[in-house]
Amino acid sequence: MRVAVFATKPYDERYLTAANERGEHGHDLTFFETRLTSATAPLADGHDAVCAFVNDDLGATTLQHLHHLGVSTVALRASGFNNTDLLTADRLGLTVCRVPAYSPYAVAEHTLSLLLALNRKIHRAWNRVREHNFALNGLLGFDINDKTVGIIGTGQIGRVFARIMHGLGCHILAYDPYPSDEITALGGEYVGLSDLFRRSDIISLHTPLTPETYHLINGLAIAQMKDGVVLLNTSRGALVETVSAIEGLKSGKIGALGLDVYEEEGDLFFEDLSDQVLRDDVFSRLLTFPNVVVTGHQAFFTDEAMAHIAETTLSNLSNLETGEGEVHTIGPEMLG
Ligand code: NAI
């Protein structure tokens, strides 16, 4: 297939090119650095498919442009699909496929990294030691052993995170409309959301972003949480109402916040903006807290995950072309 790959970074090109050659897919890949939006959609002219990433805009207008150009397939090189208007894609007859699972370990392990860094103040200690400041004031953490961890969403990633936290001696509480036996086998307990908020020392989000989960963590939810709760979000930014999280940090209700995603990340993440003034005051405020660690949507970014993403993305396209083998398509049924 002729594939227009958008939002390409050097590492995307490296992994996709290697998979294209290694797997003998033989696709004709054109790499564009720019994000896919309704304005950049004309670049896909002459291609059968577009390959898009998490902050590309696959709303109705972009999809209509693509359809008009004769593009028939949208290959998401991600598992999340909240940036894609699946109803419009369905109406236009566009095939949308994704990479349902590439490395739940990558994301779960990064969630653990945020937790450990925040709890033991590694980000602050690193700076201090570089300044020859070896004082321990302000670096006090807590034993993670015996703490209660609330996991919202126990799919692939949530379950790996549950196993990790169980290994660290934690009690697992979980919330998911589709409970998993794996959680109960760990001694975990499925509870209602309010119960999870009330009882958890650490809360980690692993649900997709849907209309139902948008701002799941808002002021009302935070008010129910334990004082000093550690909140972790490595799923999608808009699960958390950021201004409410900031209020929670200011009041001390939230003891630490670890984010790999941010609701307005589209204009920030994946770019080097180090010589620019940040115009997002909410994000800038987040960065002022000593008990907040933000990473720029890097949880997926391991060698294994990148190789898997590239291979599955290209296999989806190859299998679509040949009509043989598995294609991970998604449609409006995913909206619940
Ligand atoms: P998954 O589809 O295996 O699991 C999602 C789980 O969430 C399912 O068990 C589902 O029943 C549950 N769920 C759906 N609606 C819910 C609700 N309202 N409340 C509670 N649970 C609900 O997905 P997976 O692979 O575990 O990924 C989870 C999310 O992680 C993705 O949707 C994506 O947004 C995010 N992600 C983030 C990455 C990063 O680099 N930061 C990389 C990959 C995924």
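Up top is the structure these notes are about.
Residues numbered from 1 in each chain as written. Predicted model: local features only at pLDDT ≥ 70, side-chain atom pairs only at ≥ 80, totals over all residues. Heavy atoms only, no water.

Draft legend 1. Just the packing of aromatic side chains, in detail. The final tally for this structure, using the stated rule, is seven aromatic pairs. Through successive ring pairs, a cluster of aromatic residues spans Tyr 11, Phe 53, Phe 270, Phe 300 and Phe 301. (Phe/Tyr/Trp six-rings, centres within 6.5 Å; stacked < 30°, edge-to-face > 60°.)

Draft legend 2. Spatial organisation of the sheet that holds strand E10 (residues 229–233). Here we have seven strands laid out as an open sheet, ordered E8-E7-E6-E9-E10-E11-E12, and parallel in their pairing. With partners counted over all chains shown, the strands left at the sheet margins are strand E8 (189–190) and strand E12 (292–294), one partner each. Pairing analysis gives five bridges linking strand E6 (residues 148–152) to strand E7 (residues 171–175), with the strands arranged parallel. Each bridged residue has a counterpart across the sheet, and for Gly 150 the counterpart in E7 is Leu 173. (Pairing = 2+ DSSP bridges. Helix = DSSP H or I, 4+ residues; strand = E, 2+ residues; numbered from the N terminus.)

Draft legend 3. Geometry of the pairing of strand E3 (residues 49–52). Because side chains alternate across E3, one face comprises the buried residues Ala 49 and Cys 51, and the other comprises Val 50 and Ala 52, equally buried. Pairing geometry for strand E1 (residues 2–5) and E3, over three bridges, is parallel. The residue bridging Val 3 from the neighbouring strand is Ala 49, located in E3. Where E3 lies against strand E4 (residues 73–76), four bridges are found, and the strand directions are parallel. Looking across to E4, one finds that Cys 51 is bridged to Ala 75. Read as a crossover between parallel neighbours, the route from E3 over helix H2 (residues 60–69) to E4 is right-handed. (Buried < 20%, exposed > 50% of the residue type's maximum accessible area, 1.4 Å probe, protein only. Right-handed = clockwise from strand over helix to strand, strands pointing away.)

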